[in-house]
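# Structural features, examined
If you want the building blocks of each chain, they are given just below.
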Amino acid sequence: MNQAEIKRRQAEAFSDILMLITISIIGKHIGDEGIAYLAVAAESCALLWIALSGCLSDALGRLLRSRKNKGQYRNSRKMQNSVIVFQAAAGLVGSLLLLLAASGIAKAFKMPHSGLILMVLSPVVLLRSVSAVLTGCFQGEGSEFPRAVSGILRQIFLCGFGVLFGHILGSYGEKVSSLLRQKDVVYMYGGMGVAIGIVLAELLVLLFLGLIYKVSRNSEKRARQEGMYSTDSVWECIGFLHNSRWPQLMTEFLLFLPVVLGLLFLTRSAEDEGGMALEYGLYAGKYLVVCGVCAALIFIAVLPTIGKVFLSFKREETRFARMVFQSGAHICLVHGVFLAVFIAVMSGQMAGLLSEANAGEVAKMLQGGSAVVAFVALSGYFGRLLHVVGKRYQILTAACAADTLFLVVVLPTMGKIGGLSLVYGGVAGAAVFCVLLGALSFRQMRVKVDWLGTLVVPLGAGGVAGLICLLMGKLLSPQLGNLVMLLVAFAVSGAVYWVLLLLLRNFKEQELEAISGGRLIGMLGQLLRVYR
């Protein structure tokens, strides 16, 4: 991983944070039930898009770079043109199939009003398929910038257009609902407004990428004048691309599948459509947003450490590379433990801030599922390292195991505890995925786990920080309010947590050189006279 790829992946994680925040904002306008109606359409659309174009940009970029490095410029040009035509055709067919099957899919989820939302959303499959090819072409040129910028622009456009059209159509839906006396019509119209915003956002992103692509085709003259003149056929180009991307594609598909299956199981087991929609809206629009933002922030912080690992290997500094790897896992767990404990202990205050009317249900979800923050962040760290070293089939196997455990936990408990089963199943699946990837990573790096320093000490310090949060919440929450209480508790418990880790000498001085924020931690350690 070079610095450009690290920055791009950090930008993608930041765009994921923007997406989650956008979901929360949209939920304020169309309601938690509206989020559930929209989720049926969005998740169905996303699943099809992953099947058609998931991981295509990375795979295409690798193949194009390989050909250009060998001087096969005509071959590279042929592959670009072939893939663009093929993916545009595949995306068009996918959009048409989704349009025709929208009503049936909505009925399968027992939410028939989601069918119209899915019809509006169906062009996204075509637009994203073409966008994925264009970003892959840029990566083949060695440029990560267009993909990074387009991801952030997508979320900005989505937030603006989604809120705008969601509000406009939601207001119209209220009038229709009062005439028909059907409350779910409001959520349908609100979801359709957001779907229109999504389509417009994808269209603008595609226009942005297309403009850059047209400007950057100056290398075509070079391709005509030099390089190999014998080229692969169209189907050979398509075959090379899909053979190179299918393990990563299947992994991404399997990791997203529990989200869709969870919604399907919840809708099929519920008798009351309105109650089910509210429950899933709280799960997707509140619980997943909080945990997803925290996990993404940790991943952004530890990504540079992965780059340092492979840079050390290139310099043949094997011992230092292993130390950097272990330091990355350590700091990832340190951040994950604190955030998981903080969310669990302060779940009541968070729930009151997010959804005052349904604070009890949200608090149960946050309290029971906060551990997913640490597991997802660590899985991202280990998974990225294993992917770079080529262990894609091992990651795929771990994803299969995680999905299996998710089903084992969710299916027997869905009828008893409803949406909480998705929370517990997600934690169980993320835990087994994290453990398997961690074991593979430590074995690949030939490093033994320092259980005391890496796990036990952070857990102990996290327990103390959690106890402080609990006491502060009991004593001060009625006087300060939820928002102020969360800020004060985060600052005080965070300070105690880091001071404890430093006093217990949980970080070696050499580690501080490898991790993000190491200088700041070292300065605090010097103030406490832990380091010289």
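For the structure, see preceding data.
Residues numbered from 1 in each chain as written. Predicted model: local features only at pLDDT ≥ 70, side-chain atom pairs only at ≥ 80, totals over all residues. Heavy atoms only, no water.

### What to know about the packing of aromatic side chains
According to the stated counting rule, one finds 19 aromatic pairs in the structure shown. Both rings, one in phenylalanine 138 and one in tyrosine 213, keep their centres 6.3 Å apart while their planes meet at 65 degrees; by these two values the pair is edge-to-face. Here phenylalanine 138, found in helix H5 (residues 123-140), pairs with tyrosine 213, found in helix H7 (residues 184-215); they are 75 residues apart in sequence, far enough to count as distant. Of the two residues, phenylalanine 138 and tyrosine 213, both sit in the buried class. By the ring-pair criterion, three or more aromatic residues cluster together here, those being Phe338, Phe342, Phe490, Tyr497, Trp498 and Phe507. (Phe/Tyr/Trp six-rings, centres within 6.5 Å; stacked < 30°, edge-to-face > 60°. Helix = DSSP H or I, 4+ residues; strand = E, 2+ residues; numbered from the N terminus. Buried < 20%, exposed > 50% of the residue type's maximum accessible area, 1.4 Å probe, protein only.)

### Considerations on the environment of valine 163
Tracing the sequence through the fold places valine 163 in helix H6 (residues 145-180). According to the relative accessible area criterion, valine 163 is buried, its value standing at 19%. For the pair valine 163 and alanine 329, spaced 166 residues apart in sequence, the C-alpha to C-alpha distance is 38 Å. Once you skip the residues sitting within four places of it in the chain, valine 163 turns out to touch Ile25, Ile26, His29 and Leu158. (Contact = heavy atoms within 4.5 Å.)

### Some words on the pattern of salt bridges
Once their charged atoms are close, side chains differing in charge can pair, the charge on each being opposite to the other. One pass over the full model with this rule turns up 10 salt bridges. One salt bridge connects arginine 8 with glutamate 144, and the closest N-O pair in it is separated by 2.8 Å. Of this pair, arginine 8 sits in helix H1 (residues 3-53) while glutamate 144 sits in the loop between H5 and H6; the two residues are 136 residues apart in sequence, bridging distant segments of the chain. With respect to class, arginine 8 is no different from glutamate 144; both count as buried. Among the ionic pairs, glutamate 202 bridges to arginine 128, the shortest N-O distance being 3.3 Å. Highlighted residues: glutamate 202 in helix H7 and arginine 128 in helix H5, separated in sequence by 74 residues. (Salt bridge = Lys/Arg side-chain N within 4 Å of Asp/Glu carboxyl O.)

### What to know about unusual backbone geometry
Of note, cysteine 55 is a non-glycine position whose phi angle comes to about 60 degrees, a positive value. Mapped onto the elements of the fold, cysteine 55 is located in the loop between H1 and helix H2 (56-69). Not every positive phi belongs to a glycine, and arginine 446 is a case in point at roughly 55 degrees. Inspection of the secondary structure puts arginine 446 in the loop between helix H16 (420-445) and helix H17 (451-480).

### A short note on the packing of helix H11 (residues 318-345) against helix H12 (residues 347-354)
At a minimum axis separation of 5 Å, H11 and H12 run at an interaxial angle of 70 degrees. Looking at the two axes, H11 sits roughly perpendicular to H12. Residue-level contacts link Phe342, Ile343, Ala344 and Val345 of H11 to Ser347, Gln349 and Met350 of H12. For the contact of H11 with H12, the per-class residue count stands at 5 nonpolar, 2 polar and no charged. (Axes fitted to C-alpha atoms, helices over the stretch in contact; angles between N-to-C directions. Parallel < 35°, antiparallel > 145°, perpendicular 65-115°, else oblique. Nonpolar A, V, L, I, M, F, W, Y, C, P; charged D, E, K, R; others polar.)

### Things to note about the nonpolar core
The biggest cluster of nonpolar side chains holds 145 residues, and the ones touching the most others in it are Leu60, Tyr280, Tyr287, Phe325, Tyr497 and Phe507. By residue number, the principal contributor to this core is helix H10 (residues 273-314), which donates 17 residues. Residue contacts for phenylalanine 325: discarding those within four places in its chain leaves Val309, Tyr381, Phe382, Leu385, Ser441, Phe442, Met445 and Val447. Ile17, Leu20, Val289 and Val293 belong to the second largest nonpolar core, which has 5 residues in total. (Core = buried A, V, L, I, M, F, W, Y, C linked by side-chain atoms within 4.5 Å.)

### Observations concerning the environment of arginine 77
Positionally, arginine 77 belongs in helix H3 (residues 73-108). Owing to a relative accessible area of 12%, arginine 77 belongs among the buried residues under this scheme. Arginine 77 sits 179 residues away from phenylalanine 256 along the chain, and the two C-alpha atoms are 33 Å apart.

### Thoughts on a nonpolar patch on the surface
Residues Leu353, Leu467, Leu470, Leu471, Leu475, Leu476, Leu480, Leu483, Val484 and Leu487 make up a contiguous nonpolar surface patch of about 910 Å² in total accessible area. Counting residues per element, the nonpolar patch draws most heavily on H17, at 6 residues. Among the secondary structure elements, leucine 471 is positioned in helix H17. (Patch = residues over 30% accessible without salt bridge, like charges linked within 9 Å, V, L, I, M, F, W, Y side chains within 5 Å. Areas by Shrake-Rupley, 256 points an atom, 1.4 Å probe, with all protein chains shown as cover.)

### Observations concerning H10
The end-to-end C-alpha separation of H10 is 57 Å, in line with the 62 Å expected for 42 residues at 1.5 Å each. The sharpest bend along H10 measures roughly 35 degrees and falls at leucine 288. At the C-terminal side of H10, glutamate 316 shows a positive phi close to 60 degrees. (Expected span 1.5 Å × (residues − 1). Bend = angle between axes of the 7 residues up to and from the residue.)

### A closer look at the packing of helix H15 (residues 392-417) against H16
The N-to-C vectors of H15 and H16 enclose an angle of 160 degrees; their axes lie 8 Å apart at closest approach. As the angle between them shows, H15 and H16 are arranged roughly antiparallel. Crossing geometry of H15 relative to H16 is assigned as right-handed. In terms of residue class, the contact of H15 with H16 is built from 20 nonpolar, 6 polar and no charged. (Left-handed = near helix turned anticlockwise from the far one by under 90°.)

### Remarks on H12
All of the buried residues in H12 are Ser347, Gln349, Met350, Ala351 and Gly352. Taken together, the buried residues of H12 touch H10, H11, helix H13 (359-369), H17 and helix H18 (482-503).

### Quick notes on the side chain of glutamine 248
Tracing the chain through its elements places glutamine 248 in helix H9 (residues 234-269). On the basis of relative accessibility, which here comes to 14%, the residue glutamine 248 falls in the buried class. The contacts of glutamine 248, once residues within four sequence positions are left out, are Cys55, Asp58, Arg62 and His387.

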